[in-house]
Structure formats: structure tokens, C-alpha cells
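Residue strings, one per chain:
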Amino acid sequence: MEETKKETNLIFSGVQPTGNLHLGNYLGAIKNWEKLQETKKCIFCIVDLHAMTTPENRNEIKKNTREVAAAYIASGINPDKNIIFVQSNVKGHSELSWILSCHTPIGWLNRMTQFKDKAGKNKEKAPLGLYSYPVLMAADILLYKSTHVPVGEDQKQHLELSRDIAQAFNRYYNQDFFPIPEPVITGKATRVMSLKDGLKKMSKSDPSDQSRINLTDEPEIIRKKIQKAKTDSLPFPNKIEDLQSRPEVMNLINIFSALSDKDPEKIIADYNDTNFSAFKKELTDMVETNISKISSEMKKLLNDMDYLNSILRKGFERANEISEKNIKELKKIIGFFGA
Ligand code: AQP
């Protein structure tokens, strides 16, 4: 029974090639893929069509795409075992996105908080693509009939929308065509926060480089960033409940917990009532060890363009084959001419 389950489960996830890949992308998403690939069929996408939705991310899209591919492989994703490919190469994503947008009431999109955050006060001038981003995300997932989607906490609302869209389509055509995808939000740091503000998530687009640890940061930079990371004037907490009112401290403890695999309670017991320096020193060592392994591997991969291009080419062929098969079936269900 377990064997059947393994075979029918299909994992899909992706990262936008928007530069500045950071510790949040690694701990909230990529690190968790490593375990999943051992037992599940996985598709990992570099979602460049999503990156176009904000004007500042349209530059250097090719360079950033290669960087994300290198980060996947450098973080331990096996390109022979899994499909690693670039979203814009497979035309099924855009095609399905249109079809699904015809099954998505505007009211559902109006509830999406990421659009409100990213569009800010300038909603009227925001590109349509930024608004319909969650429909494209639903298309990414459903195109492969994916069953599970590992993401950070910030993507939970978009995933719930993907489920609603899949159900709306299935209901309309009275079919069981799309599986209803389950979010997989795991790990000890599902929402890594900015190093400067514990209420804001760590983000590639934060104008301050001090707010995040980039996967390409040199050890000296990492050391300085963690030393300067905001805490408060109180000593290290001595009980877990204290963390609720201390978001910056909670964030650093969560990062420590994710990297050491120790529970926050144990970390508090180890450091309680001390000042932050010993804790920050150990945290720095752990971040440095993890990041430097990834960044040196990334550098090697980025110097071997032929290898990276061949991985993405092979990934495209495998993804496109599934996409074409599913789009063909879908068109038959809809009843398009020529299908
Ligand atoms: N701070 C975070 N903590 C935990 N997980 C995170 N993820 C992103 N930020 C954090 C997860 O990383 C995956 C890829 O994210 P993305 O590239 O699609 O875009 P995003 O969620 O919009 O991430 P950013 O860094 O904030 O990018 P920008 O600034 O370009 O919008 C997702 O699984 C996400 O949950």
C-alpha cells in the first residue's frame, strides 16, 4: 500500500529567479526538498514567468535563472533523479494559466495578501500579471497533476487558492482531472524573518542587504550580518513563552533550530540568562558552514555553463512531455476544436 502511495505522489515546487537567494528560501523551501527527493517523484521549477511580474526583476533574468538552478544542485537536489527545468520553456504553464483564469472568480484573487503587499498604495498601476500571479502558480502545480507542494509559510494562501481552482475546474466539467494539491510546510523555520525587523519576512526584494543572509555571502559578511542582527536589551530568554513578544529573538532561535535540528526549548535551556554573544557565535558558525558549502558548489557550477544548460535542457524535455500529455487530455475534456 505504501509503495502505491509513493508512486502516485508527485511533488512540485519552485523559486523565482529574482536574485539574492537567501537563507529563508533555503530553510523554508530548498532544504526540505532534499529529504523529499529520497522517496518521492519531484519536479523543481525555476519560475521565471513569475519573476517578470515586478519590473525591477526583469533585468538579468537569464543570469538569475542559472543561479537558482545552481543553488538547487548545490543544495543537494539530484538532477538525474528529479526534473529541474525553467518554467518559460514549457508553454503548457501559460496555456493552462489562461484556462484556469476562466474558472477563478475575481473575488478570490481580491483576497490575496501578497498582491496587496507587493502592489502597495499603487494598486491601479500594478501589472495585471502581479494580480493574476496565483493563477499561474495554480497552473504550475496542476499542469503536472502534482499532489504535494512544499513551500514556506508565506505561500500558504496561494496554495489554498490552487486547491479551490482545481476543485472549481473538476466540478464544472464533472471530472476528477486534477488532484487537490496538499501544502507541505515543514522544517523548523517555515518563515524566516528579516534580520532587521522580526515582523517582516526575509525577502530577496528587501532593499537592505543587511536584512538577509544571501546564499552567495562570504563568511566575513555573514559574521557581520549576524553580529548586527537586531535583538533587544534583555538577556537571552529563559522560557519559550517569552519569545512571543520578542520576534527578532524568536527568529534567530528558529534559524538556529533549523540548522542544528535542536528544539527551541533545548536552545533556550543551553543559553538562558546569558548575553547573546555565545549564542550568536555558534549561530554564525553554523550559518557559515551551511552557506559556504552551497556557495562554493554554486560557483563551480556557474563556471560550467555547458553542464548547467544540459541539465535544464534535459529537465525541459521531461517536463514538457508530461505537460503536453496533460494539456491534450484537458483540451478533450473542454471540447476544443481539434482536440
Ligand atoms: N522568509 C522566508 N522564510 C521561509 N520561506 C521563504 N520562502 C521565501 N521567503 C521565505 C520560500 O521560498 C520559496 C521560493 O520563494 P519565491 O522565490 O517564489 O518568492 P517569495 O516567496 O516571494 O520569496 P522572496 O524572497 O520574498 O522573493 P521576492 O522578494 O522576490 O518576492 C517559496 O516556497 C517560499 O515560500
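Above this text sits the structure in question.
Residues numbered from 1 in each chain as written. Predicted model: local features only at pLDDT ≥ 70, side-chain atom pairs only at ≥ 80, totals over all residues. Heavy atoms only, no water.

Participant: Run through the pairing of strand 1 (residues 10-15), naming residues and quoting values.
Facilitator: With 5 of 6 residues buried, strand 1 is to be regarded as a mostly interior element. Read as a crossover between parallel neighbours, the route from strand 1 over helix 2 (residues 23-39) to strand 2 (residues 41-46) is right-handed. (Buried < 20%, exposed > 50% of the residue type's maximum accessible area, 1.4 Å probe, protein only. Helix = DSSP H or I, 4+ residues; strand = E, 2+ residues; numbered from the N terminus. Right-handed = clockwise from strand over helix to strand, strands pointing away.)

Participant: Which residues make up the side chain of Ser-203, and what values do they have?
Facilitator: The residue Ser-203 is located in the loop between strand 5 (182-184) and helix 10 (219-228) in this model. A distance of 3.1 Å separates polar atoms of two side chains, one belonging to Ser-203 and the other to Ser-205. When sequence neighbours within four positions are dropped, the list of residues in contact with Ser-203 reads His-22 and Arg-212. (Polar contact = N/O pair within 3.5 Å; in protein donor to acceptor, adjacent residues only side chain to side chain. Contact = heavy atoms within 4.5 Å.)

Participant: Outline the pairing of strand 2, supporting the account with residue identities and numerical values.
Facilitator: Regular strands have side chains that alternate between both faces of the sheet. Among the 6 residues that make up strand 2, 5 are buried, leaving the element largely enclosed by the rest of the structure. Bridging between strand 1 and strand 2 involves 6 bridges; their strand directions are parallel. Bridge pairing links Phe-12 to Ile-43 in strand 2. Here strand 2 runs beside strand 3 (residues 83-86); their pairing, made up of 4 bridges, is parallel. If you follow Ile-43 over to strand 3, its bridge partner there is Ile-83. (Pairing = 2+ DSSP bridges.)

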